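Geometric and topological summary
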Amino acid sequence: MKIAILSRDPALYSSVRLMEAAKARGHDARIFDPTHCYMNITSMKPSIHYMGEDLLGYDAVIPRIGASITFYGTAVLRQFEVMGVYTLNKSAAISRSRDKMASSQLLARKGIDLPITAFAHNPDNIEDLIAEVGGAPLVIKLVEGSQGIGVVLAETHNAAHSVIQPSWA
């Protein structure tokens with residue numbers, strides 16, 4: 001089997017282990033930095049190129065797309081999908097997983113219990129936002145943060161108000 005691994009850094013432990021595991025099982029695997037891929041988006045003969053090489057004939061793609069390149073990385077992965085290549089993780093799933101609001105909405109739609117959650121584009125009505133989740137203590141998350149970055153536990157109403165309050169107000 002011919003496998004493409006999309007990863008920004010071929011020296012990352014996860015990328016190295018994927019390569020080792022693929023080769024140990026007799027597969028032909030290569031790592032491609034998705035930011036160096038370019039595509040011909042056409043219905044007749046879609047293609048992906050990497051440093052002058054046409055990436056045809058791949059059976060599967062393993063995406064290792066970091067948050068910083070989600071938009072372009074998922075576009076490259078989507079192009080492999082258009083070309084009929086099996087992808088371990090679908091581009092839509094990766095995009096949804098990076099969007100906290102969409103992920104929460106999908107889970108809620110399927111009836112999966114979630115903590116009481118409120119989202120806002122801007123904190124025009126801080127008091128209502130705090131009340132919407134039942135008051136303090138509450139967890140405040142930035143929509144763009146990941147892996148614990150941008151997460152604050154506000155133990156009191158005043159603490160929540162000061163975290164939500166924009167610095168320019």
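Described in the following lines is the structure provided in the data block. (Residues numbered from 1 in each chain as written. Predicted model: local features only at pLDDT ≥ 70, side-chain atom pairs only at ≥ 80, totals over all residues. Heavy atoms only, no water.)

This part takes up the sheet that holds strand S3 (residues 37-40). Within the open sheet, the three strands sit side by side as S3-S4-S5. Their pairing is antiparallel. The strands lining the two open edges of the sheet, one partner per strand, are S3 and strand S5 (53-54). Inspection of the sheet shows S3 paired to strand S4 (residues 47-50) by four bridges, in the antiparallel sense. Within S4, the position partnered with Cys 37 by the bridge is Tyr 50. Its contacts with the sheet put helix H2 (residues 70-82) on S3 and S4, and the angle it makes with S3 is roughly 50 degrees. (Pairing = 2+ DSSP bridges. Helix = DSSP H or I, 4+ residues; strand = E, 2+ residues; numbered from the N terminus. Contact = heavy atoms within 4.5 Å. Axes fitted to C-alpha atoms, helices over the stretch in contact; angles between N-to-C directions.)

What follows is about helix H1 (residues 13-24). Its 12 residues give H1 an end-to-end C-alpha distance of 16 Å, which sits within 8% of 16 Å, the value for a rise of 1.5 Å per residue. By the burial criterion, the buried members of H1 are Ser 15, Met 19 and Ala 22. Viewed end-on, H1 has its buried residues packed into an arc of 70 degrees, placing them on one side of the element. The exposed residues of H1 that point more than 90 degrees off its buried face are Tyr 13 and Ala 24. Turning to H1, the residues buried within the fold contact strand S1 (2-7) and strand S2 (28-32). (Expected span 1.5 Å × (residues − 1). Buried < 20%, exposed > 50% of the residue type's maximum accessible area, 1.4 Å probe, protein only. Arc of directions from axis to C-beta.)

As a further point, take the nonpolar core. Core analysis: the largest hydrophobic core is formed by 16 residues, its most contacted members being Leu 6, Phe 32, Cys 37, Leu 55, Val 61 and Phe 80. For this core, the element with the highest residue contribution is H2, accounting for three residues. Those residues within four positions of Leu 55 in sequence are excluded, and the remaining contacts are Phe 32, Cys 37, Ile 48, Tyr 50, Phe 80 and Met 83. Counting residues in each nonpolar core, the second largest holds eight residues, with Val 133, Leu 138, Ile 140 and Ala 160 among its members. (Core = buried A, V, L, I, M, F, W, Y, C linked by side-chain atoms within 4.5 Å.)

With that settled, the discussion passes to the environment of Asp 54. Looking at where Asp 54 falls in the secondary structure, it is placed in strand S5. Each C-alpha atom, one on Asp 54 and one on Cys 37, is 9.7 Å from the other, the two residues being 17 residues apart in sequence. Discounting chain neighbours no more than four positions away, the residues touching Asp 54 are Ser 47, Ile 48 and His 49.

So, about H2. Along its 13 residues, H2 runs 18 Å from first to last C-alpha, staying within 8% of the 18 Å computed at 1.5 Å per residue. If you follow the buried residues of H2, they end up packed against S1, S3, S4, strand S6 (60-64), strand S7 (86-87) and helix H3 (91-97). Gly 84 sits one or two residues past H2 and shows a positive phi near 85 degrees.

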